[in-house]
Amino acid sequence: MPQLSLSWLGLGQVAAFPWLLLLLVGASWLLARFLAWTYAFYDNCRRLQYFPQPPKQKWFWGHQVLIIATEEGLKNLTQMSATYPQGFRIWLGPIFPFLVLCHPDIIRSITNASAAIAPKDDLSIRFLKPWLGEGILLSGSGKWSRHRRMLTPAFHFNILKPYIKIFNRSVNIMHDKWQHLASEGSSRLDMFEHISLMTLDSLQKCIFSFDSHCQERPSEYIATILELSALVEKRNQHILQHMDFLYYLSHDGRRFHRACRLVHDFTDAVIQEQRRTLPTQGIDDFLKDKTLDFIDVLLLSKDEDGKVLSDEDVRAEADTFMFAGHDTTASGLSWVLYNLARHPEYQEHCRQEDRDPKEIEWYDLAQLPFLTMCVKESLRLHPPVPYTSRHCIWDIVLPDGRVIPKDAHSLICIINIIGIHHNPTVLPFPSTPDPLKERSPLAFIPFSVGPRNCIRQAFAMAKMKVVLALTLLRFRFLLDHTEPRRKPELIMRAEGGLWLRVEPLNAGLQ
Ligand code: HEM
């Protein structure tokens, strides 16, 4: 092999060995990468300097405590929004910057951008991917826009109406349990636990037409969904679990893997069964007498070219609805009951609105204006999704001239929903509950805004109204002063339950 002489570099005979040359090239490549990274980091810091930064707690950890999804973390985030009402810059560790945006004018610039310009960031979705695949919650812009176009018209109000009966049935089961518990003398209930099961029960019926009786006896599938949600939450909070290769070697990682397989097998089996029974012709006659579940809707959806979704896509969308629909609605409902327990006068006002105590029907939903206001006010005070995140692949110019830099090194933009809702420059006295408060639509975004807002918000609102309308006619809710351990203010999930005292009302008994 001809030997290369690099004596002109002053390296003499040493460089003549090919492996030394290789080492030199490798080291130069690493140095070049390091310099490029350092320059990008410096450039980033320079461009972000126009956004104020709260003092760091610790040099190494940065502001990590501020963005942890705990009660404490959310309180910090809310307070910061009052101090920096337009938005601020924080760091996760020493090198990962976040822009937390707290004002509707600023947020509009990102949420109005197309999903291709301001896509979801990888960090927030990575841990859910093995479970939810490429469903619309997580997919990138190409697949997302095709699926969103296919699914939006597929869920119009006519499809929604028959689900009202399912909501009624699921809530009746929960109430029977409460009546039974009350007759045995226990009136203190963990609302979140009961409502969460009821929500999962009705979702499973709406999505799969499957009754697991999970409110009455343990269901493996439902327990697995709850386990998956808890594992993802736990992984988010433990930085050592962030690396895939470490995670999947750990006990939690193996549980997560097993749980994903179980949930996927369940969904696949339903898809196969429904594909088998769906006729290839005479579809209109078939649909006349059938309540379409979500799987039917997904199997029947076609894009502009007449193409249907693959089995894998149907599974991803169904699993996504199950995930995106249960915790959010359960949390939203629990908070409404908690807020109504704190304000008995509003609770009584809701009860006075006229409806049949036996069953809520579609047209009843329009007759509940005060209850609707209470639901919205509770979603404002305690949004079930407190923030979402994006990253920008084009420069985004804000109304005040500042720029969110494109593809900035690892920069994540937090759309601080809870911060907007509690921003005193947007709404005077934002933390005072008042269902009659005038809210600008841009200052009230529990379902997010822009192209990637919640696709099922009409479904979620209808469900919450049915559950509350029936529940308030049958039960009274009081704060549980015997629970000194905790006083929830913002979230409850990770912190264990929301205890209220429940009193059956004779007037509404079934
Ligand atoms: C009170 C109840 C609910 C709240 C507060 C809520 C809130 C949200 C928010 C804030 C987003 C945007 C997430 C992001 O930008 O990353 C979202 C997206 C989504 N939600 Fe909901 N949601 C609720 C109920 C539901 C239900 C019941 C379902 C389905 C059964 C659902 C399905 C989805 C899906 C599929 C997306 C992704 C939309 C997309 O990226 O195109 N949500 N939701």
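In this numbering scheme, every chain counts its residues from 1 along its sequence in written order. In keeping with the model being predicted, local features are shown solely for residues with a pLDDT of at least 70 and side-chain atom pairs are shown and tallied solely at 80 or more, while totals for entire chains, interfaces and linings include all residues. Note: side-chain values were computed over all heavy atoms of the structure, leaving out hydrogens and water.

**What about the overall build of the protein?**
Moving on, step 1. Each helix is a run of DSSP H or I of at least 4 residues and each strand a run of E of at least 2, with the numbering of both proceeding from the N terminus. Helix and strand counts for the protein come out as 19 helices and nine strands.
Moving on, step 2. Taking all 510 residues of the protein together, the buried fraction comes to 50%.
Moving on, step 3. Roughly 24400 Å² of accessible area belongs to the protein as shown, and the carbon and sulfur atoms make up 60% of that amount. Buried, partly exposed and exposed residues are distinguished by accessible area as a fraction of the type maximum, computed with a 1.4 Å probe on protein chains only: under 20%, between the cut-offs, and over 50%, respectively. Accessibility throughout is a Shrake-Rupley quantity obtained with a 1.4 Å probe, and a residue counts as covered only by protein chains that appear here.

**Brief notes about the UniProt feature "transmembrane region" (unreviewed entry) in the protein**
Moving on, step 1. UniProt tags residues 20-42 as "transmembrane region" (unreviewed entry).
Moving on, step 2. The span residues 20-42 is 100% helix and 0% strand, and its two end C-alpha atoms sit 32 Å from each other. UniProt positions are given in the numbering used here, feature names are shortened, and annotations may be inferred rather than shown by experiment.

**Some remarks on the pairing of strand β9 (residues 499-504)**
Moving on, step 1. Any two strands with at least two DSSP-identified bridges between them are counted as paired. One ladder, built from three bridges, connects strand β3 (residues 188-190) with β9; its direction is antiparallel. Counted as the bridge partner of Leu189 is Leu500 from β9.
Moving on, step 2. As judged from the five bridges shared by strand β8 (residues 475-479) and β9, these two strands associate in the antiparallel manner. Paired with Leu479 across the two strands is Leu500, which belongs to β9.

**Structural notes on the pairing of strand β2 (residues 96-101)**
Moving on, step 1. The buried fraction of β2 is high, at five of six residues.
Moving on, step 2. Across six bridges, the pairing between strand β1 (residues 87-92) and β2 is antiparallel. What sits directly across from Ile90, in β2, is Phe98.
Moving on, step 3. Linking β1 back to β2 in an antiparallel pair, the connection comprises three residues, with Gly93 at a positive phi of about 70 degrees.

**Observations concerning the UniProt feature "binding site: heme" (unreviewed entry) in the protein**
Moving on, step 1. Taking the numbering used here, the UniProt-annotated feature "binding site: heme" (unreviewed entry) corresponds to Cys454.
Moving on, step 2. Mapped onto the fold, Cys454 is located in the loop between α18 (417-421) and α19 (457-474).
Moving on, step 3. In what follows, residue pairs with any heavy atoms lying within 4.5 Å of each other are defined as contacts. Not counting chain neighbours up to four residues away, the residues in contact with Cys454 comprise Arg148 and Phe447.

**Brief notes about the sheet that holds β2**
Moving on, step 1. One open sheet holds the four strands; their spatial order is β1-β2-β7-β4, and the pairing between them is mixed. Among the strands making up the open sheet, the edge pair consists of β1 and β4 (388-390). Averaged over all pairs of adjacent strands, the angle between strand axes in this sheet comes to 30 degrees, irrespective of strand direction.
Moving on, step 2. For β4 and strand β7 (residues 412-415), the ladder comprises three bridges, and the chain directions are antiparallel. What sits directly across from Ser389, in β7, is Ile414. Between the N-to-C directions of two axes lies an angle of 0 to 180 degrees, each axis being a line fitted to C-alpha atoms and, for a helix, fitted only over the stretch in contact.

**As for the environment of Ala469**
Moving on, step 1. One can find Ala469 in helix α19.
Moving on, step 2. We classify Ala469 as buried; its relative accessible area is 0%.
Moving on, step 3. If we skip the residues at most four places from it in the chain, Ala469 touches Arg355, Ile360, Leu368 and Leu371.

**Looking at the packing of helix α9 (residues 191-208) against helix α15 (residues 311-342)**
Moving on, step 1. Where α9 contacts α15, the axes come no closer than 8 Å and their chain directions differ by 145 degrees. Seen from above, α9 lies across α15 with right-handed handedness. Counting all contacts with α9, which are made through Met191, Phe192, Ile195, Ser196, Met198, Thr199, Leu200, Leu203, Gln204, Ile207 and Phe208, the residues of α15 involved are Ala318, Phe321, Met322, Gly325, His326, Asp327, Thr329, Ala330, Ser331, Leu333, Ser334 and Leu337.
Moving on, step 2. In this classification, the charged set is Asp, Glu, Lys and Arg, the nonpolar set is Ala, Val, Leu, Ile, Met, Phe, Trp, Tyr, Cys and Pro, and all remaining amino acids, among them Gly, are polar. Of the residues in the contact of α9 with α15, the class split is 14 nonpolar, eight polar and one charged. Each crossing gets its hand from how the near helix is turned against the far one by less than a right angle, where anticlockwise is left-handed and clockwise is right-handed.

**A short note on helix α3 (residues 104-111)**
Moving on, step 1. With six of eight residues buried, α3 is to be regarded as a mostly interior element.
Moving on, step 2. When we look at burial in α3, the residues that qualify are Pro104, Ile106, Ile107, Ser109, Ile110 and Thr111.
Moving on, step 3. Where α3 is buried, its residues meet β2, β4, β5 (396-397), β6 (403-404), β7 and α18.

**Details of the site of the ligand**
Moving on, step 1. Looking at the ligand, there are 27 residues lining it, with Lys120, Trp144, Arg148, Arg390 and Cys454 nearest.
Moving on, step 2. Note that an oxygen atom of the ligand is positioned 2.7 Å from one of the side-chain N or O atoms of Trp144.
Moving on, step 3. Of the residues that constitute the shell around the ligand, the class distribution is 15 nonpolar, seven polar and five charged. Proximity is defined per residue: if any heavy atom of the residue lies within 4 Å of a molecule or strand, that residue is considered near it. Two N or O atoms count as a polar contact when they lie within 3.5 Å, although within protein this holds only if one can serve as hydrogen donor and the other as acceptor, and sequence-adjacent residues are included solely when both atoms are side-chain atoms.

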